[in-house]
Structures are given as structure tokens and as C-alpha cells.
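Observations on chain architecture
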Amino acid sequence: MAERRGLRAAFLLSFVTAAFLVIAWRFWDLQIVHGAEYRSMASADQFRKIPLPAPRGKIVTADGVAVATSRPAWTLYYLSQGQTMPTPEVRRLAGYLGMSPKVMAGQINQQLKTQANYVPIEVDPSLTPKQMTAIEENINQLPNLRLQPTAIRSYPFGSVMGNILGFLNAQTPTTDVGVYGLEQEYNRYLTGTSGGEYAEVNRQGQLVKLFGHAVPVPGDTVHLTINWRLENTAYQALGYVMHAMRHANPALTAYAPQANQGGVIALNPNNGDVLAIASLPTYNPNKLLPNSPSRTSYYDKLIKEPTDPFAIVPINWPFPPGSTFKPIMAVAALASHVVTATTRIFDPGYFPKIPTFHSWEYPLSFGWLNIEQAIGLSDDTFFYTLGYNMGIQTMDHWMKQFMLQKPTGIDLPYATTNVLPTPKLLEQTQHAPWTPGQNLNTVIGQGLDNFTMVSLARADSAIANGGTLYQPHLVSEITTPQGKVVKTFKPVVQGKIHLPASIWHTVHVGMEMSAQSSDIANTGTSGTGYGALAGFPIPLASKTGTAQVNGKQNNAVFLTYGPMPHPKIIILVYVKAGNWGADSGFVARAIYDQYFKVKDPSAKPLFDRTYGRNFAWPFGYTAKKSLTP
């Protein structure tokens, strides 16, 4: 018996020891091996971080004007606990906010489907003072409401520069993402770091209490190369000139009733800085803010417009440049030794080898001309001769030297890249063989010539500066909200055209004749740009373009730079269906007024004579003019 009791005791001791070993091993596994993991999981069952949105970074012009910023606001939240707001409370709150109870309930329920129980439901992102007062006075009847100070995106100048800036979409309940324009291009810098409040929740995910918070960090500041005075003038002048075209005396060539779309780009030709860029029609990004009650209806209205307001004309719309293409072709002809600065070609009013090709802008004969005079008069017959003698291979070679087939790299999304005119392209698009007549169309910026404004501006900048192709860019640097530099954008040279200075000089002289001469080659005819720039006190160069499209309408194009002989600004203006290239030059003149700080008393009579009406000229420089909204 004693032996049996000893065995039983030994067995029990072994069993108990083994059990304790298992428990000890399990305890060691829980506390030591996976302790941190399980403690984190336990904490996660009790605590949550409720994100607080960060203010988006500012976008500021070179002269210190904030064109995109944030304004303080109060956001109203409903602490739902996963439950729909009771109907009586919905009705009461909807009355205070001026909303439909059905719409409000729908918005709350939609968020309840996608958000955790403990996450507050956003009811209104930006309360008015009147709404705040009504809610605070009746807060006892509206349990589980919460007011939170927030920052709302604001565009102080509304639709001016709207499509260049872009707008925002809600990516998460606390994070917006840029759509189009600079908001999209620099989204990763503009997006701040959201803060948050820490919430205790129960195992059902319901909020128990709030405590502690992390402060949101605003996004970085994007500094533009754009000058606000020039930018605002570009938009206002483009709209004003298109209005004048639509309301001009119908008996005049300036009358263009369908002139309702256009663009402007102004660059520093010596480094690629975009000084101004405008596109009409445009939109007001304030009306497209996430959760804005009018957002859907406004967006639907915009997408139904026949002229796409979301497009940025200078980067998205290739078009025939017309005679503004002639300076590039003049460089090509001089560099290819097809013509020299002293070569004279006789203009009988048509091209003798293909008589159906007449001088388009001036059908009369100009007689003997050199290339400088031909540029100033925009003489088609002279350039027909150049195109005929060069042929498409030579012209294409020089188009490639000017990088017209290469992306500009401008820092805006969805920029279009050009396709050069070639016999292959003609075959693909029109199923037709290349003929000598195609060479004639190409050299005057017609036919298959289709280029974006920004690509032309880059190419023409190389003419202005003597051969350097700079990448156009809108941003100079990015800084933290405290001013620490995050990134600096230096000029980028994309290409060089190595030619004798005499070639650039010859083209400059021709373009100066266009802008400044009242009588070229004793023909009794002024330069084509003179009608818009006459009387301006700073020496300028210009080239006009009246580009025919499908034989139905004429687009107005105007190229200019100055001061001569060392240009610091180049401007390209385009008005779809604007009829006559020189008339769009008044947009450039308005920008020049601001750039050179000219009061410009001679502009109004010239403008009135062009359009046949008594118009104002509101663009002369005023030193005290406010730069803030």
C-alpha cells in the first residue's frame, strides 16, 4: 500500500508540475514573447485617434499675394455612436442650417455606412455666425453635436486664375487632394499632416470620452514665378478684348461674335519663369470645395459648357499659329542658307510657281522685299518662296531644333505634346500625298501646323534670347509655413541652337518693324503689330497671326517681346475665332502697361478706332492699385 501511495503522489506531483509548466510557458508567451503585440491590440480595443484636418499649404505669387490659402471656420460634427440622428433633431438642425431635412439625413446616413462608429459625422464644414448662434442657443435640444475649429480652402480672387490653380476633391474625411492645375501638380507639398484627438471607445466601437490631441501641421507654401499684377491683368484684358471683339462695329474686321475662348502666356525668355498665364473660360474653385452644397450643381453646369473651362488653353489646345510661325521659319531659312539678310524677293501679290497661293493678309503686291521687311509686313509670298525652297525635311529639322515636338515640362498636369507636320502624318490623317502646296501652308503656320501656346512661347523665347530653350515653370521655391526652404527650382536649359548672332538680329529687326514702323519699305503699310502697339513708349518686337481653320473661322494670335534689344518678357496671346491677329495684341499691350509701369494715354483712342466703339481702357498702370481682394 505504501508503495502504491508513493506512486500516486509522484504521479500527482508530476501532473501538477506539468500543469504549472504549461501555465508558466503560456504566461511567458503572453507577457514576454507577444506581450507588446497583445498590449497594443488591447489598447486598440479601447483607444482610437480621431483625425483633425490640417490646413492646406498656401500658394503665393512672386510679389507676395496669396492666391490660394485657408480661412478659419467652424465645422459641425454629429457624434453618432453608429446611430442615425433622430428625426426631430434632424428637422430642428436642418432649419438652423437652411438645409433640407431629407438631404441632411441622407448625407449623415451615407457617412454612417463608410465610417467607424466612433468617428464624428461631418454635418456642415463651414458654419456662418448666424448658424453658430442658433446652434449654441439650442444646444440642449441637440445632444451629441460638436463644434470643431477647422481651416477651409479659400481662393481670394475667385475665378481669376481658377483653372490654373485647380480645385480639391475629398480623399478621406480629413484629407483633400488636388484636382487639375497647381493643386494637383504640387499636392504632396500642399497637403499637411493631420492632427487628431484621442478617444476612448467600448468594445462595440462606441465613443466613451475624448481626451488629448495632436496639433495638425499645415502644408508647405508654394511660391510662384507669377506676378499677380500681370496675372490679374492677363485675365481681365483677355476677357475685355474678347468682349470688345463680340461687340465691335459689325462693319469692321475686328468684329468677331464667336470670340469666347482664349489664352495668354507671358515668360521671362532668359530663364523660363512664367510671369502670367491665363485661360478663358475659367471657373471659381471656391464653388467646388468638397462638401459644398452647390458643388454638384456647379460642376454639372461646367461640364455642359461647349468651351471646356477645365482646360488650360496655353497647355492643352494645339492650334495653327498662322503668321506668328514666320519668325521660326525665318531662322530656319537663314540658317539653311536658303536666303540671306540682304536677299530680295519680288512679291507680285501671289506665288508665281503656284499662282493659286495669294498673299493672305495683304493681297496687293509689295514688290521687292528683304526678309526683315517681309517679317514686318507678314508677307506671305516671300515666305511661300522660303517654304518652297526649303521643303518639309528642312523645315522639320528646324522645328526639331526649336523642340516643337518635345514636351515642355511645364509644371502643370495634362500638358499636350505637339506632333510635327510630315508627309506620313498627312497620309495618316487625310490619306493624301504631300505636295509642294503643303510646304507653302507649313511655312506660314497653316496646314498641319498645330502647336500649343507654351511650346511656341518656349521656341520664340529662344529667338528673343539668342538660342537658349528654357523649361517653362510656374514655381520658384517651396517653403515650410515657418519659411524654411524645402526645395528650390532653378532654370533648366532644355536645348541650345547655335547660330551666328547676325541671324537672331535679322529676325529681331523684322519683328521690331512689325511693332514700331508706320511705313515699311515705302509701301504705305505699317507693321502688322503696329495697330495694337503704336504709341507705346518702350521699344518692342511683335508678330501677328491670323490663322484660318477649316476655311470657317480665323483665330487671332499675337506674339511680342521687349524691351528691345534685350527682351525681358515675351507674351503670346490667342483668341479662338478672334478674326484678326493684330486685334488680340491689345491684351499684350495691357500686360505691358503693368510690366513697364506705363500710364499709356495713347491706348484708348487706338482701341476705339480698332473696334469702332467708345470703350474704356482700364489697364494703364496705377501705382496705388491694391494687390489684395
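Residue positions are counted from 1 within each chain, in the order its sequence is given. Whole-chain, interface and lining totals are the exception, using all residues; otherwise, since this is a predicted model, local features are given only for residues with pLDDT of at least 70 and side-chain atom pairs are given and counted only at 80 or more. No hydrogens and no water enter the side-chain calculation; it runs on all heavy atoms of the structure.

With that settled, consider the overall build of the chain. Only runs of H or I of at least four residues qualify as helices and only runs of E of at least two qualify as strands under DSSP, and these elements are numbered from the N terminus. Along its length, the chain carries 21 helices and 21 strands. Whether a residue is buried, partly exposed or exposed follows from its accessible area with a 1.4 Å probe, protein chains only, as a fraction of its type maximum: under 20%, in between, or over 50%, in that order. Evaluated residue by residue, the chain yields a buried proportion of 53% over its 629 residues. The accessible surface values rely on the Shrake-Rupley method and a 1.4 Å probe; as for residues, cover is taken only from the protein chains in view. Carbon and sulfur atoms form 55% of the exposed surface of the chain, whose accessible area is close to 28100 Å².

Let's shift gears to empty space enclosed by the protein. Lining residues are those with an atom within 4 Å of a point, where the points come from a 1 Å grid over the protein atoms alone and group into cavities, where a 1.4 Å probe fits but cannot get out, or pockets, open sets with protein on both sides within 12 Å along at least five of seven lines. Grid points are joined across faces, edges and corners, and a volume is the space filled by probe spheres set on the points. For the structure shown, the criterion picks out one cavity of 30 Å³ or more. When its volume is computed, the largest cavity comes out at roughly 40 Å³. Here the residues of the lining of the largest cavity sort into four nonpolar, five polar and one charged. Amino acid classes used here: Ala, Val, Leu, Ile, Met, Phe, Trp, Tyr, Cys and Pro are nonpolar; Asp, Glu, Lys and Arg are charged; the rest, including Gly, are polar.

This part is about unusual backbone geometry. Of note, the bond from Leu280 into Pro281 is cis; its omega dihedral lies within 30 degrees of zero at 5 degrees. The topology assignment puts Pro281 in the loop between strand 12 (274-280) and helix 10 (295-303). With an omega dihedral of 15 degrees, the bond running from Met564 to Pro565 counts as a cis peptide bond. We note that Ala521 has phi near 55 degrees; this positive angle belongs to a residue other than glycine. When you line up the elements, Ala521 lands in the loop between helix 18 (501-516) and helix 19 (530-533). With phi around 65 degrees, Asp600 is a residue other than glycine that occupies positive phi space. Here Asp600 lies in the loop between helix 20 (585-595) and helix 21 (603-611). Among the residues examined, Asp600 registers a relative accessible area of 4% and is labelled buried.

When we look at a pair of aromatic rings, we describe it by the centre distance and by the angle of the planes. Classification of ring pairs uses Phe, Tyr and Trp, with its six-membered ring standing for Trp, and accepts pairs whose centres are within 6.5 Å; under 30 degrees between planes counts as stacked, over 60 as edge-to-face, and the remaining range as tilted. If you walk through the whole model with that rule in mind, you get 32 aromatic pairs. When the centroid spacing of 4.9 Å and the interplanar angle of 85 degrees are considered together, the rings of Tyr595 and Phe596 count as edge-to-face. The exposure class of Tyr595 is partly exposed, given its relative accessible area of 28%. The interplanar angle of 75 degrees and the centroid separation of 5.6 Å between the aromatic rings of Phe607 and Phe615 together place this pair among those described as edge-to-face. Classification of Phe615 as buried rests on a relative accessible area of 11%. Grouped by ring-pair contacts, the aromatic residues Tyr240, Phe586, Phe607, Tyr611, Phe615, Trp617 and Phe619 constitute a single cluster.

A few words now on the pairing of strand 21 (residues 569-576). The buried fraction of strand 21 amounts to seven of the eight residues, a majority that puts the element mostly inside the structure. Relative to strand 21, strand 11 (residues 261-267) runs antiparallel, the two being bridged by seven bridges. For Leu267, the partnering residue across the bridge sits in strand 21 and is Ile570. Pairing between strands requires that DSSP locate at least two bridges from one strand to the other. In this structure, strand 20 (residues 553-562) lies alongside strand 21, joined through seven bridges in antiparallel fashion. Following the sheet pairing, Val557 is matched in strand 21 by Tyr574. Taken together, strand 20 and the strand that follows it, strand 21, pair antiparallel across an intervening segment of six residues.

Another aspect to go through is the side chain of Arg458. Along the polypeptide, Arg458 turns up in helix 17 (residues 453-465). For the buried Arg458, which has no salt bridge, the nearest side chain bearing the opposite charge is Asp460, at an N-O separation of 10 Å. A distance of 3.0 Å separates a polar atom in the side chain of Arg458 from the backbone oxygen of Lys406. Those residues within four positions of Arg458 in sequence are excluded, and the remaining contacts are Leu267, Met403, Lys406, Pro407, Thr408, Leu469, Tyr470, Pro472 and Gln494. For the purpose of charge, His is not counted, nor are the chain termini; Lys and Arg are scored as positive and Asp and Glu as negative. Salt bridges are counted wherever a side-chain nitrogen of Lys or Arg sits within 4 Å of a carboxyl oxygen of Asp or Glu. In protein, a polar contact means a hydrogen-donor-capable atom and an acceptor-capable atom, both N or O and within 3.5 Å, with residues adjacent in sequence counting only if both atoms are side-chain atoms; elsewhere, any N or O pair within 3.5 Å suffices. Residues count as neighbours in contact if any of their non-hydrogen atoms are within 4.5 Å of one another.

Our next topic: the nonpolar core. Note on terminology: a nonpolar core comprises buried Ala, Val, Leu, Ile, Met, Phe, Trp, Tyr and Cys residues joined through side-chain atoms within 4.5 Å. Counting residues in hydrophobic clusters, the biggest one holds 147 residues, and the most contacted among them are Met161, Leu182, Phe402, Leu404 and Tyr611. Per-element tally for this core: the top contributor is helix 9 (residues 228-246), with eleven residues. Excluding residues that lie within four positions of it along the chain, Tyr611 makes contacts with Val241, Ala244, Met245, Ala248, Asn249, Leu252, Ala254, Asp583 and Phe586. The next biggest cluster of nonpolar side chains, apart from the first, holds 17 residues, and it includes Met85, Ala94, Ile135 and Leu142.

Take Asn163: it is sitting in helix 6 (residues 162-165). Leave out the neighbours within four places in its chain, and Asn163 touches Gly181, Tyr235, Ser279, Pro281, Thr282, Tyr283, Pro309, Ala311 and Ile312.

Here we take up the sheet that holds strand 20. Picture the strands of a sheet paired through backbone hydrogen bonds; they go either parallel or antiparallel. One open sheet accounts for five strands, arranged 12-11-21-20-19; its pairing is antiparallel. One side of each edge strand has no neighbouring strand; the edge strands of this open sheet are strand 12 and strand 19 (541-549). In this sheet, adjacent strand axes meet at a mean angle of 10 degrees when their direction is disregarded. Axes, fitted as lines to C-alpha atoms, cover a helix only where it is in contact. Angles between the N-to-C directions of the axes lie from 0 to 180 degrees.

We now examine the packing of helix 12 (residues 326-335) against helix 18. Viewed as axis vectors pointing N to C, helix 12 and helix 18 meet at an angle of 145 degrees, and their least axial separation amounts to 10 Å. For the crossing formed where helix 12 meets helix 18, the hand is right-handed. Of the residues in helix 18, those in contact with Pro327, Ala330, Val331, Leu334 and Ala335 of helix 12 are Ile503, Trp504, Thr506, Val507 and Met511. Residue composition of the contact of helix 12 with helix 18, grouped by class: nine nonpolar, one polar and no charged. Handedness of each helix crossing follows the sense of rotation of the near helix against the far helix: counterclockwise by less than a right angle gives left-handed, clockwise gives right-handed.

Take Met104: it is sitting in helix 4 (residues 101-114). Residues Met104 and Leu93, spaced eleven residues apart in sequence, show a C-alpha to C-alpha distance of 9.0 Å.

Of all ten residues making up strand 5 (residues 145-154), seven are buried, and the element is well covered by its neighbours. Pairing between strand 3 (residues 66-78) and strand 5: ten bridges, direction antiparallel. Note that in strand 5 the partner of Arg71 across the bridge is Ile152.

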